[in-house]
Amino acid sequence: MKKVVYALLIYTLVMLAVLAVILILFNRVELNTYGVGTYTDEELSIYKNVWDNINSSYLECRNTMLTYTLVLWGIVLLTGYILIGILYINIIKPIRNLENLASDVARGNLDVALPMNRNPMFTGFNESFDLMREELKSSKVKEMEAEKAKKELVAELSHDIKTPVATIQATCEVMDMKFRRRAEQLDESGENDAELAELRDNLEKIDSISAKADTISGIMNNVFHVTMEELEHVEVNPKETSSTVLESCFNSIKNYGNIILEEKVPECLVYMDKLRMEQVIDNVVGNSHKYAGTDIHVRFEEFEGPVDKDNNKNRFLKVVIRDEGPGVREEDLPLITEKYYRGAGSDGQNGFGLGMYLVKTYMEMQGGGIEYYNDNGFVVELIIKKV
């Protein structure tokens, strides 16, 4: 609307300038008696009468021309206003309505209908645009219903999974109690060392199963609460934790094959969410076991990063996990942390393309990060911030 007001203002100023020029020109044009020669008194008297008649006719003619010119100027001025009004009503206003509706649609407001316009230039376009808005609204409703159904399904599944997990945990507790009692008896008697070694091996396996069941239970609780509360992400709560927890994370996943800790983890305090870190390590080692099927080497490094805004040095602990497989194709490397992305080597393997995406997300939410590359195998570096 402001542009139309500006156009009217400019047009009015131009027309007023034209009017001023017209008035100046008419006032400057007049008859004169320059060049009159020497005449007798009788001739001058005749000339004066003729001059008065001519000048009177001229003034009358000039006034008439001025009147016609002013009328024409007024008609042009009024016609311009009318044309600007028609242009605004038939073209500018419909376009502005389309712009406003497009802005509403972009903001997700799909309930605002486009005002009908009788201009045949816009009739078909308005109908098509309104049909598109209705289709978008319908699609959004269907998407919301599908999202709700998916969340309800995930909530039901997570709730159902909790029951067998609880059974596994209870069974592990019973077996642990039974085997420990028997191991204590054999240890006191000093008899049957072979049975005692087997019992201790079974106790380690039971501890591993129990730890995994606890992890699954924690994840399912998170999934259940996230789904029911309509949240968009799982919470990550890094706390000051001893770095030695990392060794127990690797020791709890011996079922992935031969995991070689090349050195002990440096003892320090790090910012870490234990449950999320277990998921991260499980995903990375699980991928190496799935796609490489070789020994997995783990080493630890400490390093200092750049100073922060308070001029304090950031210190980090790096966990380097390396397999001896063929690695990841170069064209897949930049994409493996994208959600739902699965490389060419994943054909025939179970999964949804979320493992490395979750690894990157959880590491960044703990204040650290992740780096990965090929170097005689696939290498993943987990960077954990030290306290």
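Up top is the structure these notes are about.
## Concerning the nonpolar core
Okay, so step 1: Formed by 34 residues in total, the largest nonpolar core has its most connected members in Leu246, Phe250 and Leu382.
Okay, so step 2: Elements represented by at least two residues in this core include exactly helix H5 (245-251), strand E3 (269-272), helix H6 (274-291), strand E4 (296-307), strand E5 (313-323), helix H7 (355-365) and strand E7 (378-385).
Okay, so step 3: With five residues, H6 is the largest single contributor of residues to this core.
Okay, so step 4: Within the second largest apolar cluster, eight residues are counted, among which are Cys172, Phe179, Leu196 and Ile206.

## Re H7
A turn of α-helix holds 3.6 residues, and therefore any two residues three or four places apart point the same way.
Okay, so step 1: Within H7 the residues assigned to the buried category are Met356, Val359, Tyr362 and Met363. Projection of H7 onto a plane perpendicular to its axis shows the buried side chains occupying an angular sector of 130 degrees, all on one side.
Okay, so step 2: Here the buried face of H7 lies against H6, strand E6 (369-374) and E7.
Okay, so step 3: Gly367 sits one or two residues past H7 and shows a positive phi near 90 degrees.

## A word on the sheet that holds E6
Okay, so step 1: The mixed open sheet is built from five strands, whose spatial order is E2-E4-E5-E7-E6. Either end of the sheet is taken by a strand with one partner, and the two such strands are strand E2 (259-261) and E6. This sheet shows a mean twist of 30 degrees between the axes of neighbouring strands, independent of strand direction.
Okay, so step 2: As paired elements, E5 and E7 share seven bridges and run antiparallel to each other.

## Things to note about the environment of Leu203
Okay, so step 1: Within the fold, Leu203 resides in helix H4 (residues 193-228).
Okay, so step 2: On the accessibility criterion, Leu203 (8% relative accessible area) is buried.
Okay, so step 3: Sequence separation between Leu203 and Ala183 is 20 residues; the distance between their C-alpha atoms is 9.6 Å.
Okay, so step 4: Setting aside chain neighbours within four positions, we find Leu203 in contact with Asp176, Phe179 and Arg180.

## Some words on the packing of aromatic side chains
Okay, so step 1: Applying the stated criterion to the full structure yields four aromatic pairs.
Okay, so step 2: A centroid spacing of 6.4 Å and a plane angle of 50 degrees characterise the contact between Tyr372 and Phe378, whose relative ring orientation is tilted.
Okay, so step 3: Its relative accessible area of 10% is what places Phe378 among the buried residues.
Okay, so step 4: It is Arg276 that lies over the ring of Tyr362; its NZ or CZ is 5.4 Å from the centre.
Okay, so step 5: The cationic tip of Lys318 hangs over the ring face of Phe303; the distance from NZ or CZ to the ring centre is 5.2 Å.

Rules behind the numbers
- Residues numbered from 1 in each chain as written.
- Predicted model: local features only at pLDDT ≥ 70, side-chain atom pairs only at ≥ 80, totals over all residues.
- Heavy atoms only, no water.
- Core = buried A, V, L, I, M, F, W, Y, C linked by side-chain atoms within 4.5 Å.
- Buried < 20%, exposed > 50% of the residue type's maximum accessible area, 1.4 Å probe, protein only.
- Helix = DSSP H or I, 4+ residues; strand = E, 2+ residues; numbered from the N terminus.
- Arc of directions from axis to C-beta.
- Contact = heavy atoms within 4.5 Å.
- Pairing = 2+ DSSP bridges.
- Axes fitted to C-alpha atoms, helices over the stretch in contact; angles between N-to-C directions.
- Phe/Tyr/Trp six-rings, centres within 6.5 Å; stacked < 30°, edge-to-face > 60°.
- Lys NZ or Arg CZ within 6 Å of the ring centre and 35° of its normal.

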